[in-house]
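Residue-level structure breakdown
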Amino acid sequence: MALPPIDLAVFHDNGFVRKQCRVTDLWFWTTDAERTTCGDTSEDEYTFIGAPLIDGFEQRGKALKDTMRQAFLGYFEAHGHTKIDPYPVLARWRDDLHLTIASIADFQPHVTSGEVLPPANPLAVSQPCIRLTDVDAVGRSGRHLTTFEMMAHHVFNRPDEGIEIYWMESCVEHCHRMLTETFGIPSSEITYVENPWCGGGNAGAAVEVIVGGLELATLVFMDMEEHPDGDVELKGDRYRTMPLQIIDTGYGLERFCWAAAGTPTIYEAIYPESVAWLKKLSGFQEKATRWPDLDLDRLLGEMSRLNGIMNIEAGVDGDKLVSIFLERLKERGVEVTSEQFRGITEPLANIYAIPDHLHALCNMLGDGLVPSNAKAGYLARMLARRVLRMRDDLSLSVSLSDLAEHHLDVNMGGHLNKQHRAGLLEILALEEERYAEMLRKGVHVIQTQLKGLASDAEAIPDEDLFTLNDSHGLAPDMAVALARTSGWANVSLRTGFSAEMAERHALLAKAAAKNIAATSTKVDLDVVQPTRLTYYDNVYERTLQAEVLACVEAGDEGPHGASWVVVLDQTLFYPEGGGQEGDQGQIINESTTVSVLDTMKQGSLVLHFTDAPVEVGVEVTCVLDWRRRKQLMDHHTAVHIVGGAARKLLGPHIFQAGSHLSVESGRLDITHFHRLTRQDLDAMEDLANEVLATVASTEKSELNRKDADLVHGFDLYQGGAPKGDSIRILKIADHDTQACGGTHHDEPGQIGSIRVIRSTAVQDGVERLHIVAGEAALGYARTQDELVRASAEVFGVHQDDLPKAASRFFSEWKEQRKTIEHLESEIVRLRTSGGGDASSLVDGVRMVVMAIEGDLKSMTTMLKELTLDADQPTVAVLGSADGGGKLMIGITEGTVASERHNAVELLRAISHHIKGGGGGRPTFAQGGGSDASGLQEALNAARALLGL
RNA sequence: GGGCGUGUAGAUCAGUUGGAAGAUCGCUACCUUGGCAUGGUAGAGGCCCCGAGUUCAAAUCUCGGCACGUCCA
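Here is what the cut-offs are and how they apply
- Here the residue numbering is sequential within each chain, running from 1 through the sequence in written order.
- Whichever chain is written first becomes A and whichever ligand is written first becomes 1, with later ones labelled in order.
- Side-chain atom pairs in this predicted model are given and counted only at pLDDT of 80 or more, local residue features only at pLDDT of at least 70, and totals for whole chains, interfaces and linings cover all residues.
- Processing note: side-chain calculations cover all non-hydrogen atoms of the structure and skip hydrogens and water entirely.
- For the domain bounds, the source is a domain assignment made automatically or taken from a database.
- Accessible area, probed at 1.4 Å, shrinks when two parts are joined; the buried area is that loss added up over both.
- A carboxyl oxygen of Asp or Glu within 4 Å of a side-chain nitrogen of Lys or Arg is what we treat as a salt bridge.
- Strand pairing follows a simple DSSP-based rule, namely that at least 2 bridges must link the two strands.
- Only DSSP runs of H or I covering at least 4 residues are called helices, and only runs of E covering at least 2 are called strands; the numbering of each starts at the N terminus.
- Only the stretch in contact is used when fitting a helix axis, every axis being a line fitted to C-alpha atoms; angles between N-to-C directions are given from 0 to 180 degrees.
- We call two residues contacting when some pair of their heavy atoms lies within 4.5 Å.
- Residue exposure (1.4 Å probe, protein chains only): buried if accessible area is under 20% of the type maximum, exposed if over 50%, otherwise partly exposed.

Each domain of chain A was delimited in the assignment, giving domain 1 (47–263), domain 2 (271–294 + 336–448), domain 3 (450–511), domain 4 (532–624), domain 5 (630–782) and domain 6 (815–945). One C-alpha centre belongs to domain 2, the other to domain 3, and the line joining them spans 23 Å. Summed over both partners, the interface of domain 2 with domain 3 buries about 1000 Å², with 70% contributed by carbon and sulfur atoms. When the buried area of domain 2 at its contact with domain 3 is split by residue, Arg 389, Val 445 and Ile 446 rank highest and sum to 51% of it. Counting across the domain 2 and domain 3 interface gives one salt bridge. Two residues, Arg 389 and Asp 477, come together in a salt bridge whose shortest N-O distance is 2.6 Å.

So, on to the sheet that holds strand β21 (residues 666–671). Read across the sheet, four strands follow the order β20-β21-β26-β25 without closing on themselves; strand pairing throughout is antiparallel. Both edges of this open sheet fall to β20 (656–661) and β25 (754–763), since each of them pairs with a single strand only. Taken pair by pair, the neighbouring strands of this sheet meet at an average axis angle of 20°, ignoring direction. Sheet topology places β21 next to strand β26 (residues 766–773); six bridges connect them, and they run antiparallel. Each bridged residue has a counterpart across the sheet, and for Ile 670 the counterpart in β26 is Glu 767. Strands in contact with helix α17 (residues 626–650) are β20, β21, β25 and β26; relative to β26, the strand with the most contacts, it is inclined by about 135°.

Per the stated rule, a full pass over the model turns up 47 salt bridges. Residue Lys 915 is joined to Asp 931 by a salt bridge in which the shortest nitrogen-to-oxygen separation is 4.0 Å. Of this pair, Lys 915 sits in the loop between α24 (903–910) and β31 (916–921) while Asp 931 sits in the loop between β32 (924–929) and α25 (935–945); the two residues are 16 residues apart in sequence, bridging distant segments of the chain. Given the relative accessible area of 58%, Lys 915 is considered exposed. Residue Asp 931 is classed as partly exposed on the basis of its relative accessible area of 23%. In the salt-bridge network here, residues are joined through shared partners; they are Lys 62, Asp 66, Arg 69 and Glu 149.

Relative to the assigned elements, Leu 299 resides in helix α8 (residues 296–309). It is 46 Å that separates the C-alpha atoms of Leu 299 and Asp 237, two residues lying 62 residues apart in sequence. The contact partners of Leu 299, leaving out residues within four places of it in the chain, are Leu 294, Leu 329, Val 334, Val 336 and Ile 344.

Take a look at the structure:
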C-alpha cells in the first residue's frame, strides 16, 4: 500500500485543487486550475527575480536574515510554540555526524527515539546547518549554500500516552497562514506538493512548499519506521506506524531572504557587502567591460532564471554545462561567446562562493573546531583551502584572516560561539601557511612525478594526477597549471576528469566500508533485573554483599582467559566504559573464592568475568581489588583535571577527543592546532597539581539530559555523547565540568600528584597527553631515576653530568671515526707508495694485492686512496677476514688498467675460495663469503690471474 | 575510521637493477679589487629518522615504531 492522498481542509478553504504534475507525476495543490506543473520542475522558472514575492523586507544581508528569522519565530511564538536556542554546528552530542545538517538533528537520536523528552513541545527554532555534499555547486548554481539556517517548528506526538499536540491539518494551516499573512505571499504563487519522505529507517508523508519556482519549505510527518511486516511500501522498503509521531519541518531562511530581495542570486540577498567588496578587490567590473557590447545585467538576469531549472550538482561536466547554457541563452536572445561566458561566470562563481565558505568556516571554528587532516577538522581545512584557491584565482591581495575578519564583522556581527576572535585568526593564518607550503612543495613534486613525461606531452597520465591529488593535495587543475609553468607547456586537463576522480574515490570508500564488520559479542542471559550500581553511592566501598542471579560459561570471548560470566543483583565492580578499564577482585561465598578478571557492561547488566563458576541464588561477598581501582580513579580524575588545565592554558578550542585509563597510565587526547612543547606540558602539570592542592572536593550530580544541556551546554560531552536521559556530572570547582559515568575521587587531594609525561600526535590537530598520577607517578619517577642511574654508571659520571658526558662521548666518537678513516688510508698509502712488498708494477700498471684488517667501510676508504689517481693506473685487490671474509677490487677508471682488467670477472674468479659471491661494476667490485680461512688462497689466485 | 605519500649535509632536494653518499644555496679559508656586488680555488659539514629481518653486501627490499604531509568517509 502507498500513502493516501493528503486531503486537508486548509487546502479546500483557501481554494486549492489537487492536480498531478505532468513532468514529475507528483500530486500537488494549487489555486490555479489551469496549472499543469507542480512548480519545482525543469520547466518552472524562478518568477521572483527582480519581482520579490515577499514584501516589506527592504534590508539585505545580516539585517535581512535577522528580521526574517524574527518574523518566522515571532509567528510561531504567537501561536503557542516555545522558541529554543539553536544548537552548535558541530554535532558533538552525536557520534554518527560531524556537523548539524538539519534542525531535527538536534533531537536525534534520543528525543526521536522516545528515550528523552524534547526541550519543549511544540517548539520553534532557527538552526544554523552545514552541508558539504553540494560544495562544488556553491557559487555556480546561484542557489546552493554549504551553510544555511533551517527554521523549523517541531512537534513530538505520543498518541499512546495521550500526547497529541497537532498533526498535518494544523501544521499546514500554520505554514499557509504564516506565508500569506506574515509574509504576504499570494496564494496563487504557492503550490503544495505531496512527496513522501524516507531516510535513516524512518518515513512519513511530506509536503513540499513551492513559491515562485523555489522550494521554500518541507513539512515532514514522520510516523513510520522500517519493518519487514509493515503495511506501507515506499521506494522498495516496508514501513509500519510507530508510537512516536514527529512533525519535522524545514524552512530555508536564506531562501525566504532571496524571495524577499529578488536578487539575481541568493548570494546577493544574504552577503551583499561581501559580494560588492570582492568584486571591487578583484576588479570584476573592469574585466567585464572588456566586452562593451555585452549587456551584463541582462545576461546575469537570464542566467539566474535559468539556474532555477538547470540542475547543477557536483560532478557535472564543466564544458558540457557551458554549451547548454550558451544554447539556452541564445534561445532567449542573449548572444555570448564561450570566452565571454567563462570570463564572467568563473570569477563570479568564486566571488559568490567565498562568503558562503567563510560563513561555514567561521561557524565551525567559532564552535571550537580545530582544523585537521581527519574527521570534522578536515572539513574545515577543505573549506579553508577552497577559499584560498578561489582567492588566488581572483588574484586578491588579502589574507585568509583578512577575509574572515571582514566576514565576521559584516555578516556575523563579530559573534563567535566559543572561540576568541584572535584564536580564529591565528588558526586561519596557520592554515594559510600550510596551504602556501603545499603549493611551494607542489612545484617540486610535479617535477619529480612527471620526470618520465615528454615535454611536449598534451596530458598528464591519469595515475599521476590521482597521486598528485591524493598524496600531495594538488587538485587536477592545480597540477596542470603548475605543470604548464614547469616545462610541460602543452598539457591540459581532460574533460570530465574531476568527475571520474570523484567516482573513483566513491568506489574506494565503498570498498572500505564493506570491510568494517561489527564484532560486538553478546552473552546470552535471561536476567531482566538491572544490576544496581553501588559504586556511585560510595566510590571508596571495598566489599559488598550481593546475590548471584546468573552464572554461565563465557565461551571463547572471555577476556584475560576468563571462562565464566556472573551476574549479581548489585555490584561495586565498575564495568569497562568511558575509557576506564573494568574493575577486578574476588567473589567469595562460604565454600569457594573466585577471581573476577574483568568487568563489562551489557545493556543494564554488569557482567563479571571469572575464572570459576559460583552457585546461582546464593549470597556472596564481593571484594574489590582496591589498589587497582584507586589507581584507575587517580588516573581518571587526573585526566579531567589536566583537561581543564589545558583548556585554561591553551584556549576554548580544547576539547577531549578521547581518553583511556589503565593502571599504568592515563591518556588524554585533546584538540589543538599546534604541537605541544615541554613548556606547555610543564604549565599544565603545574596547574593540575595546584588544583589538587586547592580544590577540597569534587561535586557529583545527576541531571536529566534536558536540564544538563540547559545548565552546562555541550562542553559537557567531552567524553562522547552519553546514552539515556539521566546524566552523571562531575564538577571540579570552576576548573572542569563533564558528563562522566566513571569512578572519581571525592577529594582531588587523594590523588597525591600528577605528572604529564609527554605528548604524541594522534592526527593533525589532536595531541595525546600521557599522564601518570598517584602511585603510578611515583613508580614512573623511580623508573626514570633508574634509567639515569644506569646510564650514568656506564659513563662513570655523576648523574648531573650525564647530558654533558653523553654529548662529549658522542662528538668524540664522531671525531675518532674520522681520524680512523684518515689513518687507515694513510696506512695503505704508506704500504703501497714506498715500493713495499704489497705493490708491484706490471707493464705500467701498479698491482696491489693484500690482506688487511677492517670492515667494508674502511676497505672502501683504502681502495679509494689506491685507485683515484689517474696518473697511477692501479688494480687493487683487498681482502679482509671480517665477517666470513670480504674481497674488494678497484681499478683506476679511464686508464690502461681499466682497459686490461675487469673487476667483476676477477672477483667472480676468486670469490669461491671463501665460499661466497659478489658483484659490482667493471672498475669496482665487492663480495663476501662464509669461510674466511680461504682468504689467502683467494688472494693468491688473484696474484696468479694478474700475472704476479 | 580507511587509503596514499615523505623522512638523506645548516636549507631545498637528487640518488636508476641492492654494489665507492651527491647537487644547488649557505658556511670557512685563500686568490682577484682601493672597497662592494661578483668571479675563481680549496675546505669543513652525513647514526641516509629509529629498531629488527633478508643478503656476501641495505640510503635502496620486508616488518615494526616515531615524525610529517595528503585525500576520502
